[in-house]
Amino acid sequence: MKQQLNPTPPVNRNPEEKGNRSMKSNIAMAVVLVGVLLATPALALDITENAWIGGETGNWNVAGNWSLGRLPGTNYDAVVIGGESSQSTVTLHNKSYVDIYSLEIVSGSKLDVPFLSSRFRTGQPVSGLPPLDPGIRNAGTISVSGFFSPGPWYSPPMIIDNDGGIIELTGSGQLDLWNRDYSIRGGQLNIGTGSLLRQYKTTTLTDVAVTNDGEWYSYTSTGANTDLTLAGTSSFNNTGELSIFNGTAQSGDRYTRLVVNNTASLTNAATGVINITRDQASLLGTPQAYLQMDATGFNNLGTINITSTADQVGTAQFRAPSVGFSNAGTITVDGPNSSIEMAGQTLTQTAGVLDVRNGGSITAATVDINGGTLAGNGTITGALQLAGAT
(Lines give C-alpha, C1' and ligand atoms only; values in the text may rest on other atoms or scores of the structure.)
Protein backbone atom coordinates (compact mmCIF):
# COMPACT_ATOMS: atom_id res chain seq x y z
CA MET A 1 0.00 0.00 0.00
CA LYS A 2 1.36 3.40 -0.92
CA GLN A 3 2.09 5.82 1.86
CA GLN A 4 2.22 9.59 1.38
CA LEU A 5 4.86 10.92 3.72
CA ASN A 6 4.57 14.37 5.25
CA PRO A 7 7.87 16.22 4.71
CA THR A 8 9.59 17.63 7.80
CA PRO A 9 8.95 21.40 7.98
CA PRO A 10 12.04 23.61 7.68
CA VAL A 11 13.51 24.80 10.97
CA ASN A 12 13.64 28.57 11.48
CA ARG A 13 16.99 28.80 13.24
CA ASN A 14 16.95 32.58 13.70
CA PRO A 15 13.39 33.93 13.54
CA GLU A 16 14.28 37.46 14.69
CA GLU A 17 16.79 37.91 11.85
CA LYS A 18 14.14 37.08 9.23
CA GLY A 19 11.46 39.27 10.78
CA ASN A 20 8.97 40.86 8.42
CA ARG A 21 10.86 39.63 5.34
CA SER A 22 9.95 36.07 6.31
CA MET A 23 6.29 36.94 6.84
CA LYS A 24 6.01 38.70 3.47
CA SER A 25 7.74 35.82 1.79
CA ASN A 26 5.37 33.30 3.38
CA ILE A 27 2.31 35.33 2.36
CA ALA A 28 3.56 35.58 -1.21
CA MET A 29 4.22 31.85 -1.33
CA ALA A 30 0.74 31.10 0.04
CA VAL A 31 -0.84 33.28 -2.66
CA VAL A 32 1.12 31.45 -5.35
CA LEU A 33 0.11 28.04 -3.97
CA VAL A 34 -3.56 29.00 -3.77
CA GLY A 35 -3.41 30.23 -7.37
CA VAL A 36 -1.88 26.97 -8.52
CA LEU A 37 -4.48 24.91 -6.68
CA LEU A 38 -7.37 26.94 -8.08
CA ALA A 39 -5.99 26.60 -11.58
CA THR A 40 -5.59 22.82 -11.24
CA PRO A 41 -8.98 21.03 -11.16
CA ALA A 42 -7.40 17.64 -10.48
CA LEU A 43 -4.11 16.23 -9.37
CA ALA A 44 -1.86 15.87 -12.41
CA LEU A 45 -1.17 12.18 -12.86
CA ASP A 46 0.72 10.41 -15.58
CA ILE A 47 -2.22 8.29 -16.74
CA THR A 48 -1.12 5.87 -19.45
CA GLU A 49 -2.74 2.78 -20.92
CA ASN A 50 -1.05 -0.35 -19.62
CA ALA A 51 -2.41 -3.23 -21.73
CA TRP A 52 -2.09 -6.96 -21.27
CA ILE A 53 0.37 -8.52 -23.75
CA GLY A 54 0.88 -11.81 -21.89
CA GLY A 55 -1.07 -14.04 -24.26
CA GLU A 56 -4.14 -16.13 -23.56
CA THR A 57 -3.24 -16.95 -19.94
CA GLY A 58 -0.82 -15.46 -17.47
CA ASN A 59 0.05 -13.88 -14.15
CA TRP A 60 -0.89 -10.28 -13.39
CA ASN A 61 2.25 -9.96 -11.26
CA VAL A 62 4.77 -10.47 -14.09
CA ALA A 63 5.97 -7.10 -15.37
CA GLY A 64 6.72 -8.46 -18.85
CA ASN A 65 3.06 -9.33 -19.36
CA TRP A 66 2.20 -5.63 -19.61
CA SER A 67 2.76 -3.18 -22.45
CA LEU A 68 4.59 -0.67 -20.25
CA GLY A 69 6.95 -3.34 -18.95
CA ARG A 70 5.84 -2.83 -15.37
CA LEU A 71 3.04 -3.91 -13.10
CA PRO A 72 -0.17 -1.88 -13.06
CA GLY A 73 -0.21 0.36 -10.05
CA THR A 74 3.36 1.65 -10.23
CA ASN A 75 1.74 4.78 -11.62
CA TYR A 76 -1.96 5.38 -12.12
CA ASP A 77 -2.54 3.24 -15.19
CA ALA A 78 -5.58 2.77 -17.36
CA VAL A 79 -5.38 -1.03 -17.38
CA VAL A 80 -6.78 -3.02 -20.31
CA ILE A 81 -7.18 -6.82 -20.31
CA GLY A 82 -7.86 -8.26 -23.73
CA GLY A 83 -6.24 -5.51 -25.77
CA GLU A 84 -3.95 -8.04 -27.47
CA SER A 85 -6.26 -11.07 -27.48
CA SER A 86 -9.97 -11.15 -26.76
CA GLN A 87 -9.46 -14.53 -25.06
CA SER A 88 -6.99 -13.48 -22.36
CA THR A 89 -7.33 -14.86 -18.81
CA VAL A 90 -5.28 -12.90 -16.27
CA THR A 91 -4.81 -14.33 -12.77
CA LEU A 92 -4.32 -11.92 -9.88
CA HIS A 93 -1.94 -13.50 -7.36
CA ASN A 94 -2.09 -12.23 -3.76
CA LYS A 95 -1.93 -8.50 -4.36
CA SER A 96 -3.01 -6.72 -1.17
CA TYR A 97 -3.70 -3.40 -2.93
CA VAL A 98 -3.79 -2.54 -6.61
CA ASP A 99 -3.90 1.22 -7.15
CA ILE A 100 -4.84 2.04 -10.73
CA TYR A 101 -6.76 4.73 -12.56
CA SER A 102 -9.23 2.41 -14.30
CA LEU A 103 -9.72 -1.19 -15.42
CA GLU A 104 -11.24 -2.42 -18.67
CA ILE A 105 -11.90 -6.09 -19.44
CA VAL A 106 -12.64 -6.66 -23.11
CA SER A 107 -15.38 -9.07 -24.23
CA GLY A 108 -14.15 -12.67 -24.08
CA SER A 109 -11.40 -11.94 -21.55
CA LYS A 110 -11.34 -12.71 -17.84
CA LEU A 111 -9.84 -11.45 -14.61
CA ASP A 112 -9.43 -14.45 -12.30
CA VAL A 113 -9.16 -13.73 -8.54
CA PRO A 114 -8.44 -17.06 -6.78
CA PHE A 115 -6.57 -15.72 -3.74
CA LEU A 116 -7.21 -13.62 -0.65
CA SER A 117 -6.74 -9.91 -0.02
CA SER A 118 -7.16 -8.46 -3.50
CA ARG A 119 -8.34 -4.86 -3.20
CA PHE A 120 -8.65 -2.49 -6.15
CA ARG A 121 -8.65 1.28 -5.83
CA THR A 122 -9.48 3.33 -8.92
CA GLY A 123 -9.62 7.00 -9.78
CA GLN A 124 -7.39 9.75 -8.43
CA PRO A 125 -6.15 10.01 -4.82
CA VAL A 126 -7.76 13.43 -4.40
CA SER A 127 -10.95 14.33 -2.59
CA GLY A 128 -13.60 16.64 -4.00
CA LEU A 129 -13.53 15.37 -7.60
CA PRO A 130 -16.48 13.83 -9.48
CA PRO A 131 -16.58 10.02 -9.39
CA LEU A 132 -14.76 8.22 -12.19
CA ASP A 133 -17.36 6.86 -14.62
CA PRO A 134 -16.66 4.02 -14.87
CA GLY A 135 -13.88 2.89 -12.55
CA ILE A 136 -14.25 -0.62 -13.98
CA ARG A 137 -15.64 -1.41 -17.43
CA ASN A 138 -16.29 -5.16 -17.71
CA ALA A 139 -17.53 -6.67 -20.96
CA GLY A 140 -15.82 -9.98 -20.14
CA THR A 141 -15.75 -11.90 -16.84
CA ILE A 142 -14.54 -11.15 -13.33
CA SER A 143 -14.31 -14.52 -11.58
CA VAL A 144 -13.79 -14.49 -7.81
CA SER A 145 -13.00 -17.67 -5.88
CA GLY A 146 -10.82 -15.77 -3.39
CA PHE A 147 -11.46 -12.26 -2.03
CA PHE A 148 -12.10 -9.15 -4.14
CA SER A 149 -12.98 -5.65 -2.99
CA PRO A 150 -13.04 -2.86 -5.60
CA GLY A 151 -13.46 0.74 -4.54
CA PRO A 152 -12.61 4.35 -5.36
CA TRP A 153 -9.73 6.27 -3.84
CA TYR A 154 -12.16 9.09 -3.10
CA SER A 155 -15.34 10.47 -4.64
CA PRO A 156 -17.76 7.56 -4.37
CA PRO A 157 -19.71 5.91 -5.81
CA MET A 158 -17.56 3.19 -7.28
CA ILE A 159 -19.09 2.86 -10.76
CA ILE A 160 -18.87 -0.52 -12.49
CA ASP A 161 -20.11 -0.66 -16.08
CA ASN A 162 -20.90 -4.36 -16.42
CA ASP A 163 -22.92 -4.13 -19.65
CA GLY A 164 -22.36 -7.41 -21.52
CA GLY A 165 -20.19 -8.71 -18.69
CA ILE A 166 -20.35 -11.28 -15.90
CA ILE A 167 -19.23 -10.96 -12.30
CA GLU A 168 -19.20 -14.44 -10.76
CA LEU A 169 -18.41 -15.76 -7.30
CA THR A 170 -17.49 -19.44 -7.13
CA GLY A 171 -16.41 -21.83 -4.39
CA SER A 172 -15.72 -19.84 -1.22
CA GLY A 173 -15.31 -16.58 -3.15
CA GLN A 174 -16.14 -13.30 -1.42
CA LEU A 175 -16.96 -9.94 -3.00
CA ASP A 176 -17.02 -6.96 -0.66
CA LEU A 177 -19.06 -3.89 -1.61
CA TRP A 178 -17.95 -2.39 1.63
CA ASN A 179 -17.69 1.03 3.26
CA ARG A 180 -18.25 2.85 -0.04
CA ASP A 181 -21.22 3.60 -2.27
CA TYR A 182 -21.47 1.48 -5.42
CA SER A 183 -23.29 1.67 -8.74
CA ILE A 184 -23.31 -1.43 -10.97
CA ARG A 185 -24.88 -1.17 -14.41
CA GLY A 186 -25.93 -4.03 -16.66
CA GLY A 187 -24.75 -7.59 -17.16
CA GLN A 188 -24.91 -10.52 -14.76
CA LEU A 189 -23.94 -10.91 -11.11
CA ASN A 190 -23.82 -14.58 -10.11
CA ILE A 191 -23.21 -15.65 -6.51
CA GLY A 192 -22.44 -19.36 -6.45
CA THR A 193 -23.14 -21.90 -3.73
CA GLY A 194 -20.80 -21.32 -0.78
CA SER A 195 -19.90 -17.79 -1.91
CA LEU A 196 -20.59 -14.53 -0.07
CA LEU A 197 -21.31 -10.96 -1.11
CA ARG A 198 -21.09 -8.45 1.77
CA GLN A 199 -22.64 -5.04 1.30
CA TYR A 200 -22.40 -2.00 3.58
CA LYS A 201 -23.60 1.52 2.66
CA THR A 202 -25.40 2.21 -0.63
CA THR A 203 -25.42 -0.10 -3.67
CA THR A 204 -27.62 0.53 -6.71
CA LEU A 205 -28.05 -2.20 -9.32
CA THR A 206 -29.42 -0.90 -12.62
CA ASP A 207 -30.43 -3.42 -15.32
CA VAL A 208 -28.45 -6.17 -13.55
CA ALA A 209 -29.54 -9.84 -13.53
CA VAL A 210 -28.61 -11.30 -10.12
CA THR A 211 -28.59 -15.03 -9.39
CA ASN A 212 -27.93 -15.78 -5.73
CA ASP A 213 -27.18 -19.41 -4.92
CA GLY A 214 -24.90 -18.38 -2.05
CA GLU A 215 -25.36 -15.51 0.42
CA TRP A 216 -25.97 -11.80 -0.03
CA TYR A 217 -25.48 -10.03 3.32
CA SER A 218 -26.60 -6.38 3.64
CA TYR A 219 -25.46 -5.11 7.00
CA THR A 220 -25.53 -2.02 9.22
CA SER A 221 -23.74 -1.89 12.55
CA THR A 222 -22.37 1.67 12.68
CA GLY A 223 -23.60 5.17 11.95
CA ALA A 224 -24.26 4.78 8.21
CA ASN A 225 -27.37 3.53 6.43
CA THR A 226 -27.17 0.50 4.14
CA ASP A 227 -29.29 0.72 1.04
CA LEU A 228 -29.64 -1.90 -1.72
CA THR A 229 -31.79 -0.75 -4.65
CA LEU A 230 -32.91 -2.85 -7.62
CA ALA A 231 -33.47 -0.27 -10.36
CA GLY A 232 -34.30 -0.31 -14.05
CA THR A 233 -34.96 -3.85 -15.25
CA SER A 234 -32.85 -5.50 -12.54
CA SER A 235 -33.91 -8.97 -11.44
CA PHE A 236 -32.86 -10.82 -8.29
CA ASN A 237 -33.42 -14.58 -8.34
CA ASN A 238 -32.80 -15.86 -4.82
CA THR A 239 -32.22 -19.58 -4.39
CA GLY A 240 -29.73 -19.07 -1.55
CA GLU A 241 -29.82 -16.65 1.40
CA LEU A 242 -30.53 -12.91 1.30
CA SER A 243 -30.05 -11.15 4.64
CA ILE A 244 -31.13 -7.61 5.49
CA PHE A 245 -29.62 -7.06 8.93
CA ASN A 246 -29.58 -4.01 11.19
CA GLY A 247 -27.40 -4.47 14.25
CA THR A 248 -26.64 -0.82 14.97
CA ALA A 249 -26.38 0.25 18.59
CA GLN A 250 -25.76 3.92 17.74
CA SER A 251 -28.12 6.84 17.99
CA GLY A 252 -30.41 7.80 15.15
CA ASP A 253 -32.93 6.23 12.81
CA ARG A 254 -30.41 4.12 10.88
CA TYR A 255 -31.75 1.58 8.43
CA THR A 256 -30.80 -1.41 6.34
CA ARG A 257 -33.17 -1.83 3.45
CA LEU A 258 -33.74 -3.48 0.10
CA VAL A 259 -35.90 -1.47 -2.30
CA VAL A 260 -37.33 -3.22 -5.37
CA ASN A 261 -38.40 -0.53 -7.82
CA ASN A 262 -41.57 -0.90 -9.86
CA THR A 263 -39.71 -1.99 -13.03
CA ALA A 264 -37.44 -4.47 -11.21
CA SER A 265 -38.22 -7.89 -9.75
CA LEU A 266 -37.36 -10.15 -6.82
CA THR A 267 -38.01 -13.90 -6.86
CA ASN A 268 -37.64 -16.10 -3.78
CA ALA A 269 -37.46 -19.68 -5.03
CA ALA A 270 -38.38 -22.79 -3.04
CA THR A 271 -34.83 -23.10 -1.68
CA GLY A 272 -34.46 -19.37 -1.06
CA VAL A 273 -34.31 -17.74 2.38
CA ILE A 274 -34.86 -14.02 3.01
CA ASN A 275 -33.96 -12.78 6.50
CA ILE A 276 -35.13 -9.33 7.63
CA THR A 277 -33.63 -8.82 11.10
CA ARG A 278 -33.44 -5.99 13.61
CA ASP A 279 -31.16 -6.93 16.51
CA GLN A 280 -29.21 -4.89 19.08
CA ALA A 281 -30.10 -2.19 21.57
CA SER A 282 -30.07 1.40 20.31
CA LEU A 283 -29.23 4.46 22.37
CA LEU A 284 -31.77 6.73 20.64
CA GLY A 285 -33.97 6.63 17.58
CA THR A 286 -35.71 3.79 15.77
CA PRO A 287 -33.36 1.69 13.64
CA GLN A 288 -35.05 -0.30 10.90
CA ALA A 289 -34.49 -3.33 8.72
CA TYR A 290 -36.97 -3.65 5.90
CA LEU A 291 -37.72 -4.84 2.39
CA GLN A 292 -39.70 -2.34 0.31
CA MET A 293 -41.55 -4.05 -2.54
CA ASP A 294 -42.65 -1.56 -5.20
CA ALA A 295 -42.58 -4.08 -8.07
CA THR A 296 -45.75 -5.22 -9.83
CA GLY A 297 -46.09 -8.27 -7.59
CA PHE A 298 -44.26 -10.79 -5.47
CA ASN A 299 -44.67 -14.56 -5.17
CA ASN A 300 -42.88 -16.28 -2.31
CA LEU A 301 -42.06 -19.96 -2.77
CA GLY A 302 -39.30 -20.14 -0.16
CA THR A 303 -38.79 -18.90 3.40
CA ILE A 304 -39.06 -15.36 4.75
CA ASN A 305 -38.04 -14.65 8.35
CA ILE A 306 -39.00 -11.23 9.74
CA THR A 307 -37.47 -11.02 13.20
CA SER A 308 -37.00 -8.56 16.05
CA THR A 309 -36.41 -9.18 19.73
CA ALA A 310 -38.60 -7.98 22.57
CA ASP A 311 -35.83 -6.08 24.39
CA GLN A 312 -34.63 -4.10 21.36
CA VAL A 313 -35.77 -0.81 19.87
CA GLY A 314 -36.48 -0.65 16.14
CA THR A 315 -38.47 -2.50 13.51
CA ALA A 316 -38.15 -5.37 11.05
CA GLN A 317 -40.67 -5.13 8.22
CA PHE A 318 -41.77 -6.38 4.83
CA ARG A 319 -43.44 -3.42 3.15
CA ALA A 320 -45.66 -3.71 0.08
CA PRO A 321 -47.68 -0.48 0.08
CA SER A 322 -48.73 -0.55 -3.56
CA VAL A 323 -48.74 -4.23 -4.59
CA GLY A 324 -50.12 -7.48 -3.30
CA PHE A 325 -48.19 -10.69 -2.96
CA SER A 326 -48.85 -14.37 -2.64
CA ASN A 327 -47.29 -16.96 -0.40
CA ALA A 328 -46.79 -20.64 -1.15
CA GLY A 329 -43.76 -20.99 1.11
CA THR A 330 -43.15 -20.18 4.78
CA ILE A 331 -43.36 -16.69 6.27
CA THR A 332 -42.54 -16.14 9.95
CA VAL A 333 -43.25 -12.78 11.58
CA ASP A 334 -41.62 -13.03 15.00
CA GLY A 335 -41.36 -10.34 17.65
CA PRO A 336 -43.29 -7.26 18.82
CA ASN A 337 -41.55 -4.94 16.34
CA SER A 338 -41.83 -7.30 13.38
CA SER A 339 -44.53 -6.81 10.77
CA ILE A 340 -45.82 -7.07 7.22
CA GLU A 341 -47.13 -3.65 6.16
CA MET A 342 -49.37 -3.59 3.06
CA ALA A 343 -52.35 -1.43 3.92
CA GLY A 344 -54.80 -1.34 1.02
CA GLN A 345 -53.32 -4.48 -0.58
CA THR A 346 -54.03 -8.22 -0.40
CA LEU A 347 -51.84 -11.00 0.94
CA THR A 348 -52.92 -14.31 -0.58
CA GLN A 349 -51.75 -17.69 0.66
CA THR A 350 -52.25 -20.71 -1.58
CA ALA A 351 -50.04 -23.17 0.32
CA GLY A 352 -47.31 -23.24 2.94
CA VAL A 353 -47.28 -21.53 6.35
CA LEU A 354 -47.98 -18.02 7.60
CA ASP A 355 -46.80 -17.85 11.24
CA VAL A 356 -47.37 -14.57 13.12
CA ARG A 357 -46.15 -14.87 16.70
CA ASN A 358 -44.71 -13.22 19.82
CA GLY A 359 -46.28 -9.85 19.11
CA GLY A 360 -45.69 -9.88 15.34
CA SER A 361 -48.34 -8.31 13.14
CA ILE A 362 -49.78 -8.02 9.62
CA THR A 363 -51.62 -4.97 8.30
CA ALA A 364 -53.41 -5.48 4.95
CA ALA A 365 -56.72 -4.79 3.29
CA THR A 366 -57.27 -8.55 3.07
CA VAL A 367 -55.40 -11.63 4.25
CA ASP A 368 -56.83 -14.42 2.11
CA ILE A 369 -55.86 -17.92 3.25
CA ASN A 370 -56.83 -20.23 0.39
CA GLY A 371 -54.55 -23.06 1.49
CA GLY A 372 -51.80 -23.99 3.87
CA THR A 373 -51.56 -23.05 7.55
CA LEU A 374 -52.16 -19.88 9.52
CA ALA A 375 -50.40 -20.10 12.89
CA GLY A 376 -49.21 -18.04 15.84
CA ASN A 377 -50.56 -15.62 18.43
CA GLY A 378 -49.83 -12.34 16.64
CA THR A 379 -52.15 -9.65 15.28
CA ILE A 380 -53.76 -9.33 11.86
CA THR A 381 -55.39 -6.02 10.98
CA GLY A 382 -57.70 -6.19 7.96
CA ALA A 383 -60.25 -8.58 6.54
CA LEU A 384 -59.24 -12.18 7.27
CA GLN A 385 -60.60 -14.87 4.97
CA LEU A 386 -59.98 -18.48 6.03
CA ALA A 387 -61.69 -20.51 3.32
CA GLY A 388 -58.77 -22.86 2.80
CA ALA A 389 -56.85 -22.57 6.08
CA THR A 390 -55.77 -25.53 8.22
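Because the structure is predicted, anything quoted here is derived from the model rather than measured.

Calculation notes
- Residues numbered from 1 in each chain as written.
- Predicted model: local features only at pLDDT ≥ 70, side-chain atom pairs only at ≥ 80, totals over all residues.
- Heavy atoms only, no water.
- Helix = DSSP H or I, 4+ residues; strand = E, 2+ residues; numbered from the N terminus.
- Buried < 20%, exposed > 50% of the residue type's maximum accessible area, 1.4 Å probe, protein only.
- Contact = heavy atoms within 4.5 Å.
- Areas by Shrake-Rupley, 256 points an atom, 1.4 Å probe, with all protein chains shown as cover.
- pLDDT = per-residue confidence, 0-100.
- Salt bridge = Lys/Arg side-chain N within 4 Å of Asp/Glu carboxyl O.
- Core = buried A, V, L, I, M, F, W, Y, C linked by side-chain atoms within 4.5 Å.
- Phe/Tyr/Trp six-rings, centres within 6.5 Å; stacked < 30°, edge-to-face > 60°.
- Lys NZ or Arg CZ within 6 Å of the ring centre and 35° of its normal.
- Pairing = 2+ DSSP bridges.

A. Main features of the overall build of the protein. A count of helical and extended segments in the protein gives 1 helix and 37 strands. Scored against the burial criterion, the 390 residues of the protein give a buried share of 45%. The contacts of the protein with a sequence gap of at least 6 include a subset with a gap of at least 24, amounting to 59%. Looking at the protein as shown, the accessible area adds up to about 17,100 Å², and 51% of this sits on carbon and sulfur atoms.

B. Broad picture of the confidence of the model for the protein. Here the protein shows a mean pLDDT of 84. Residues at 70 or above account for 82%. Taken as a whole, residues 1-42 scores under 50 in pLDDT and shows 10 contacts with residues more than four places along the chain or in a different chain.

C. A look at the pattern of salt bridges. All told, the structure shown has 9 salt bridges when counted by the stated rule. Notably, a salt bridge pairs R70 with D77, separated by 2.7 Å at the nearest N-O pair. Residue classification places R70 among the buried residues on the basis of a relative accessible area of 19%. Ionic pairing is found between D133 and R185, a salt bridge with its closest N-O pair at 2.9 Å. On the criterion of sequence distance, the pair formed by D133 in the loop between strand 8 (118-122) and strand 9 (136-138) and R185 in strand 15 (residues 182-185) is long-range, its members being 52 residues apart. Given a relative accessible area of 47%, D133 falls into the partly exposed group. When its relative accessible area of 28% is taken as the criterion, R185 is described as partly exposed.

D. Main features of the nonpolar core. W60, W216, L266, M293, F318 and I340 are the most contacted members of the largest nonpolar core, which has 67 residues in total. The greatest single-element share of this core, amounting to 4 residues, is contributed by strand 35 (residues 361-369). Apart from residues lying up to four places away in sequence, L266 is in contact with F236, L242, L258, V260, I274, L291, M293 and F298.

E. Local environment of unusual backbone geometry. Here D133 and P134 are connected by a cis peptide whose omega angle stands at -5°. Locating P134 in the fold gives a position in the loop between strand 8 and strand 9. In the Ramachandran plot, D207 falls in the positive-phi region, its phi being about 60° despite a non-glycine side chain. Relative to the helices and strands, D207 resides in the loop between strand 18 (202-206) and strand 19 (209-212).

F. Region of interest: the packing of aromatic side chains. A complete count under the given rule lists 14 aromatic pairs for this structure. Each ring, one from W52 and one from W66, has its centre 5.1 Å from the other, and the planes form 80°; the classification is edge-to-face. Of this pair, W52 sits in the loop between strand 1 (49-51) and strand 2 (57-59) while W66 is found in the loop between strand 2 and strand 3 (78-81), placing the two residues 14 residues apart along the sequence. Across the pair, W66 and W52 agree in class, each one buried. Here a set of aromatic residues connected by ring pairs shows up, and it is made of W52, W60, W66, F120 and F148. For the cation-ring pair, R121 lies above W153, with the distance from its terminal atom to the ring centre recorded as 4.0 Å. Sitting over the face of the ring of W178, R198 holds its NZ or CZ atom 4.1 Å from the ring centroid.

G. Structural view of the environment of Q345. Tracing the chain through its elements places Q345 in strand 33 (residues 338-349). Linking Q345 and V367, residues 22 residues apart in sequence, is a C-alpha distance of 8.9 Å. Not counting chain neighbours up to four residues away, the residues in contact with Q345 comprise A320, P321, S322, V323, G324, A364, A365 and T366.

H. Highlighting the pairing of strand 3. Residues of strand 3 alternate between two faces, with A78 and V80 on one and V79 and I81 on the opposite face, all of them buried. Taken together, the 3 bridges between strand 1 and strand 3 define a ladder with parallel strand orientation. Residue pairing for strand 3: E49 is matched across the bridge by A78. Both strand 3 and strand 6 (residues 102-105) contribute to a ladder of 4 bridges, which runs parallel. Paired with A78 across the strands is S102, a residue of strand 6.

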